[in-house]
2 protein chains.
Amino acid sequence: MIFSNDHKYNGRGIEMKNAVGREIPEYIEGYGKTKPFMGAFENYGERQRASVRLRSVKPGEKKLLDTIDQVLDKVEMKDGMTVSFHHHLRNGDYVINLVMAAIARRGIKDIHVASTGIFPIHEPLVEHMKNGVVTGISVNYISPGPVAKAISQGFLKRPAVMMSHGGRPRAIESGDLHIDVAFIASPEADAYGNINGVGGKASCGTLSYAVADAIYADKVVAVTDTLSPYPACPIDITQDFVDYVVVVDSIGDATGIVSGTTKVTSDPVGLKIAKIAAKVIDACGYIKDELSFQTGAGGTSLAVAAEVRKIMKEKGVIGSFGAGGITGYFVDMLTEGLFRNLFDVQCFDLKAVASYRDNPRHQAMSGSLYGNPHDKGAIVNNLDVMILGATEIDVGFNVNVVTGSDGVIMGASGGHNDTAAGSKLAMVVTNLIKGRLPVVKDKVTTVTTPGETIDVLVTERGIAVNPLRQDLIEKLKATDLNIMTIEELKTISESMTGQAEPIEFNDRVVAVVEYRDGTVIDIVRQPK
Amino acid sequence: MIFSNDHKYNGRGIEMKNAVGREIPEYIEGYGKTKPFMGAFENYGERQRASVRLRSVKPGEKKLLDTIDQVLDKVEMKDGMTVSFHHHLRNGDYVINLVMAAIARRGIKDIHVASTGIFPIHEPLVEHMKNGVVTGISVNYISPGPVAKAISQGFLKRPAVMMSHGGRPRAIESGDLHIDVAFIASPEADAYGNINGVGGKASCGTLSYAVADAIYADKVVAVTDTLSPYPACPIDITQDFVDYVVVVDSIGDATGIVSGTTKVTSDPVGLKIAKIAAKVIDACGYIKDELSFQTGAGGTSLAVAAEVRKIMKEKGVIGSFGAGGITGYFVDMLTEGLFRNLFDVQCFDLKAVASYRDNPRHQAMSGSLYGNPHDKGAIVNNLDVMILGATEIDVGFNVNVVTGSDGVIMGASGGHNDTAAGSKLAMVVTNLIKGRLPVVKDKVTTVTTPGETIDVLVTERGIAVNPLRQDLIEKLKATDLNIMTIEELKTISESMTGQAEPIEFNDRVVAVVEYRDGTVIDIVRQPK
């Protein structure tokens, strides 16, 4: 083996510096050989997808099973398997806990839980981690809470793998993430495996994150509490992808779907930031017919949507589409005619669920269609403007949404690095100070999204434009907006709070942060 | 090599007798090694799908091309490639001719045309066959006409491959049929490759037959005459499957979609048969709540639907679903509440197109979902009653819909053998005499659908039940319906017409008839 300049030995194994300057071990125990991040747009070209294995179903065969235990028999659940789940029921989901409890009761160990998201309700996973039932977790979304904390505390044998919403289907489709059994929480299903997310007792709307699992997993199980007469139309996932259907008492609590903020903020600083952000978008020339637009569901992001909406109405602009996780707020913009269409990867509230059910212009998109860099063009590639949050941002515009100020895991990319890469104007909006700590730093604790894909930072004290975007700097010069360098914002920020105490870490790698293309953009070590 | 009893040498290469008693050469020049048909339900179990190859698309890349010639450059079209098409525009389709003319102009030879269907409008293919541009054809549907005739005349270098609607996606998904470039006639598309079949100048409704092509072909090209602003919602095939979009003057003539009969027959014999057929269905206990039902679009088949509709109304029955190629007749049954849903693989008329566009209970199904035996359960598996036509049926209930009384190719399975295998009651309805020739024979000229999957034959002179279905024979005994053996029907039929002259064939194999599972159920030799 030849060591290039990018390799050095530092007592923690061979490390390589990746394209955002992070030292990535060449091999990580429990993860394997790493591919270091090479740059956001360096890893395209010819791809080969994994070959799907399945058991074909003869006319007359039945798929309906009575209990999760029967399912575990049928799928021959055993040590070392990867089981997958989706998070459309968010903090109302009961399915992960139900299935994992049944697996644990059998004494099965060493399970990899590949869930698109994990919420506080999934706290029982911590016990499964402690006793070796669960030794691996991969997620594209995780809320601050017991499981995130337990991962940081090192209770998981193997490092958790943090993906993005587009990166996970990429991993599944490429074979990087092989799923043995996909358990799909199904608000409504029929006995032959047609599933939809709009019927039933716990309607969650689109089932987009489960699509890759349904296509590629060796076995696919629909877990439902609402078994309807055949066919369970309008079908989101069709019977030809489903091996078994099992009925449980309840798959979840639909009110838990609305978790986290999904309303416009009332905080005056947030509102001020939103006003500035909308002015920047307008000054950059994006608020015009055919605008496509996405925000997160956070209060400040939605406040930006509110400001953009105002300007669209004033100008009589008809946008092309709104996208992402969809809130009632975007539904209103659709019905007002401000967008012709919505692309929905996840309904954030019950108004979005109803709109997806009733309005054909409110269209589902699979996770792959949403953000997979290795398909023939994801929806994020067609985004004009993306409004993003940040826990930290550094002077290279790299963003952290994975670890908090204490170094503890409190999130995953979700669609962050997907939309940043795809959109023409990727804008981070944030208070300059959060929890008495500066948001702009020399180096973020963990890189989730590379700076080359972030165009503008908007704070209540000023705006910084990525020097890569001289075109935007030119446009904004002509305005009265308060443009400064990101270093200046850092200085202001630190002058108000002082520098943050550096966080100390042990050597133990508790999580690997994959960029959407499957390369490693950063690792998370255990905080001391 | 050991010759079993199933092998014999007859001067035409080694042949094996398949499960319907046909001698199938072990190897066919231009087709390859054959897998003889083993029985309709013998070929299930574990399956592995082909691995998809694609070129991932970076943000900022364009897909829109100006001419088909530019497309041929981009996809590097060359000798020996397989190009695919769908037949949703039926006898109104211009796309096959446009693309093949452009290929021919380049002097490219030895192309395999894998179209889901071929119609008289595709007559220019004959010239391409004669001059070696096209040397292979595979189809699941072909109308009587110039191309069918030219295949029988031996103008094609390799044998044509006749598939079923479910067999073709099976072949694509398994890798048996590898498509280099899929050209998808797209009634409406946007510049980034979202396609729908309900917009545009030549709306054809669902694009179901093109789905497997879009997923598995190396390159996918949307050919449209209606380029709409992004996104072309409601999307049938999404941008993540499409490499290029090209705009042409016209993809076809929407009035050509309605080709063949799609109205209830007015012929008194046909109406009599339909009345009897409906009585049989009722006597067998199928006209009750949750009925699922499919007919072809032929006049007698639709007359059966009309009779069943009457009985459903009398009884107040609410059916589960109607399926197949959908006509306005089934749309009316949906809107009357006789079915809760429709599964539509192909819109047969413009009323069906409008219904598919506007009614969420009128749902598209891909060809694979419709009839693929090697997925996790096709819709045909859930059919109660299927009404089928026949050119010939023999005393083993084997049906021919491929060759006419002169031995010339005039059809392909379409959904015939898929639905026969899947449905609980597969019923052939036909006049006992057609064109002064008997329909019931000792042996059909070509087996399309194996007798083990046909349950009942209904003619104007009497009904024959497959002896495999003693349960139905018991039920029908109690009625005043005129039940006889199929041999008796043959005798009646022959007493009226005399025995048909045997057709004489050369040794040359002009077509291979694949059963839905990819095994060879029969071959078609060149008629003398």
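Residues numbered from 1 in each chain as written. Chains lettered and ligands numbered in written order. Predicted model: local features only at pLDDT ≥ 70, side-chain atom pairs only at ≥ 80, totals over all residues. Heavy atoms only, no water.

Undergrad: Now, about the relation of the copies chain B and chain A: what can you tell me, with residues and values included?
TA: For these two chains of identical sequence, chain B goes onto chain A by a turn of 180 degrees and a shift of 0.0 Å along the axis, with RMSD 0.0 Å. Both copies of the chain, as the preceding transformation shows, are related through a two-fold rotation axis. When C-alpha distances to the rotation axis are compared across chain B, the minimum falls at S51 of chain B, with a value of 2.3 Å. A high fraction, 100%, of the interface residues of chain B reappear at the interface in chain A, so the copies pair face to face through one surface. (Least-squares fit on C-alpha atoms with pLDDT ≥ 70 in both. Contact = heavy atoms within 4.5 Å.)

Undergrad: Quick one: what's the story with the confidence of the model for chain A, residue by residue and with numbers?
TA: On average, residues of chain A score 95 in pLDDT, and 97% of them reach the 70 mark or higher. In this model, residues 1–11 of chain A is a region of pLDDT below 50 whose contacts with residues beyond four sequence positions or in other chains number 17 contacts. (pLDDT = per-residue confidence, 0-100.)

Undergrad: Describe the interface of chain B and chain A, listing the residues and the values that go with them.
TA: Each side of the interface is counted separately: chain B has 53 residues, and chain A has 53 residues. In total, chain B and chain A occlude about 4800 Å² of area from one another, counting both sides; carbon and sulfur atoms represent 52% of this. The interface formed by chain B and chain A contains two salt bridges. For K376 of chain B, the salt bridge is made with D243 of chain A, and the minimal N-O distance between the two is 2.7 Å. Those elements giving two or more residues to the side of chain B that touches chain A turn out to be strand 6 (46–48), strand 7 (53–55), strand 21 (319–326), strand 22 (339–347) and helix 12 (416–422) of chain B. Classifying every residue of the side of chain B that touches chain A by side-chain character gives 25 nonpolar, 14 polar and 14 charged. Sheet topology places strand 7 (residues 53–55) of chain A next to strand 6 of chain B; three bridges connect them, and they run antiparallel. Bridge pairing in strand 6 of chain B places L54 of chain A opposite R47 of chain B. (Buried area = accessible area lost by both parts, 1.4 Å probe. Salt bridge = Lys/Arg side-chain N within 4 Å of Asp/Glu carboxyl O. Helix = DSSP H or I, 4+ residues; strand = E, 2+ residues; numbered from the N terminus. Nonpolar A, V, L, I, M, F, W, Y, C, P; charged D, E, K, R; others polar. Pairing = 2+ DSSP bridges.)

Undergrad: Tell me about the packing of aromatic side chains, residues and numbers included.
TA: Residue and element names in this part refer to chain A. Across all of its chains, the model carries 18 aromatic pairs over all chains by this definition. Ring plane angle 75 degrees and centroid distance 6.4 Å describe the contact between Y192 and Y230, whose orientation is recorded as edge-to-face. Taken together, the residues span a long stretch of sequence, with Y192 in the loop between strand 16 (188–189) and strand 17 (195–196) and Y230 in the loop between strand 18 (219–224) and strand 19 (244–247) at a distance of 38 residues. Under the relative-accessibility criterion, Y192 is labelled buried at 7%. Taking the relative accessible area as the measure of exposure, Y230 reaches 14% and is therefore buried. (Phe/Tyr/Trp six-rings, centres within 6.5 Å; stacked < 30°, edge-to-face > 60°. Buried < 20%, exposed > 50% of the residue type's maximum accessible area, 1.4 Å probe, protein only.)

Undergrad: Quick rundown of the pairing of strand 10 (residues 111–115) of chain A? Include the residues and the values.
TA: On any regular strand, side chains alternate: one points to one face of the sheet, the next to the other face. Residue and element names in this part refer to chain A. With respect to burial, strand 10 is a largely interior element, five of its five residues being buried. Relative to strand 10, strand 9 (residues 82–85) runs parallel, the two sharing four bridges. Each bridged residue has a counterpart across the sheet, and for V83 the counterpart in strand 10 is V113. When strand 10 meets strand 12 (residues 134–139), the two strands line up parallel, connected through four bridges.

Undergrad: Can you explain the sheet that holds strand 10 of chain A? Please cite residues and give values.
TA: All names here are of chain A. The sheet built from 10 strands is open, its strands ordered 8-19-18-15-9-10-12-14-34-35 with mixed pairing. Strands with a single pairing partner mark the edges of an open sheet, and in this sheet they are strand 8 (64–65) and strand 35 (520–527). One ladder, built from three bridges, connects strand 14 (residues 160–162) with strand 34 (residues 505–514); its direction is parallel. Paired with V161 across the bridge in strand 34 is V512.

Undergrad: Tell me what's going on with the domain arrangement of chain A, and back it up with residues and numbers.
TA: Residue and element names in this part refer to chain A. On domain assignment, one finds that chain A holds domain 1 (65–257) and domain 2 (268–504). Distance from the C-alpha centre of domain 1 to the C-alpha centre of domain 2: 29 Å. On the domain 2 side, the residues contacting the 33 residues of domain 1 number 31 residues. Carbon and sulfur atoms supply 63% of the area buried between domain 1 and domain 2, which totals about 2300 Å² over both sides. (Domains from an automatic or database assignment.)

Undergrad: Explain the pairing of strand 35 of chain A to me, using residue names and the numbers behind them.
TA: Residue and element names in this part refer to chain A. The element strand 35 is extensively covered by neighbouring structure, given that eight of its eight residues are classed as buried. Bridge analysis of strand 34 against strand 35 gives six bridges, and the strand direction is antiparallel. The residue of strand 35 that forms the bridge with A511 is V524. Counting the residues that bridge the hairpin from strand 34 to strand 35 gives five residues, and of these G518 lies at a positive phi of roughly 90 degrees.

Undergrad: Mind laying out the pattern of salt bridges, listing which residues take part and the relevant values?
TA: Summed over the entire model, instances satisfying the criterion amount to 56 salt bridges over all chains. E336 of chain A is the salt-bridge partner of K313 of chain A, the closest N and O atoms lying 3.3 Å from each other. Of this pair, K313 of chain A sits in helix 8 (residues 299–315) while E336 of chain A is found in the loop between helix 9 (328–335) and strand 22 (339–347), placing the two residues 23 residues apart along the sequence. The partly exposed category is assigned to K313 of chain A, whose relative accessible area is 47%. Residue D522 of chain B pairs with R22 of chain B through a salt bridge whose shortest N-O separation is 3.0 Å. Taken together, the positions of D522 of chain B in strand 35 (residues 520–527) and R22 of chain B in the loop between strand 2 (14–17) and strand 3 (23–25) put the pair 500 residues apart, joining distant regions of the chain. Each member of the pair, D522 of chain B together with R22 of chain B, is buried. Bridged by salt links that share partners, the residues K35, R170 and D176 of chain A form one connected network.

Undergrad: Describe helix 2 (residues 95–105) of chain A, with residues and values.
TA: Here helix 2 of chain A has its buried residues at V95, I96, N97, V99, M100, A102 and I103 of chain A. In the segment just after helix 2 of chain A, G107 of chain A is the residue with positive phi, at about 75 degrees.

Undergrad: Would you mind going over the sheet that holds strand 25 (residues 392–394) of chain B in detail, with residue names and values included?
TA: Residues and elements named next belong to chain B. Pairing within the open sheet is mixed, and its three strands lie in the order 26-25-30. The outermost strands of the open sheet, each flanked by one partner alone, are strand 26 (399–400) and strand 30 (440–441). As defined by bridge partners, strand 25 adjoins strand 26 across two bridges and the pair is classed as antiparallel. Bridged to I393 within strand 26 is V399.

Undergrad: Can you explain the packing of helix 9 of chain A against helix 10 (residues 350–358) of chain A? Please cite residues and give values.
TA: Residues and elements named next belong to chain A. Between helix 9 and helix 10, whose axes approach to 7 Å, the crossing angle comes to 40 degrees. When the interaxial angle is binned, helix 9 and helix 10 end up oblique. Mapping the contact onto sequence places G328, V331, D332 and L334 in helix 9 and K351, A352 and S355 in helix 10. Looking at the contact of helix 9 with helix 10 residue by residue, the class counts come to three nonpolar, two polar and two charged. (Axes fitted to C-alpha atoms, helices over the stretch in contact; angles between N-to-C directions. Parallel < 35°, antiparallel > 145°, perpendicular 65-115°, else oblique.)

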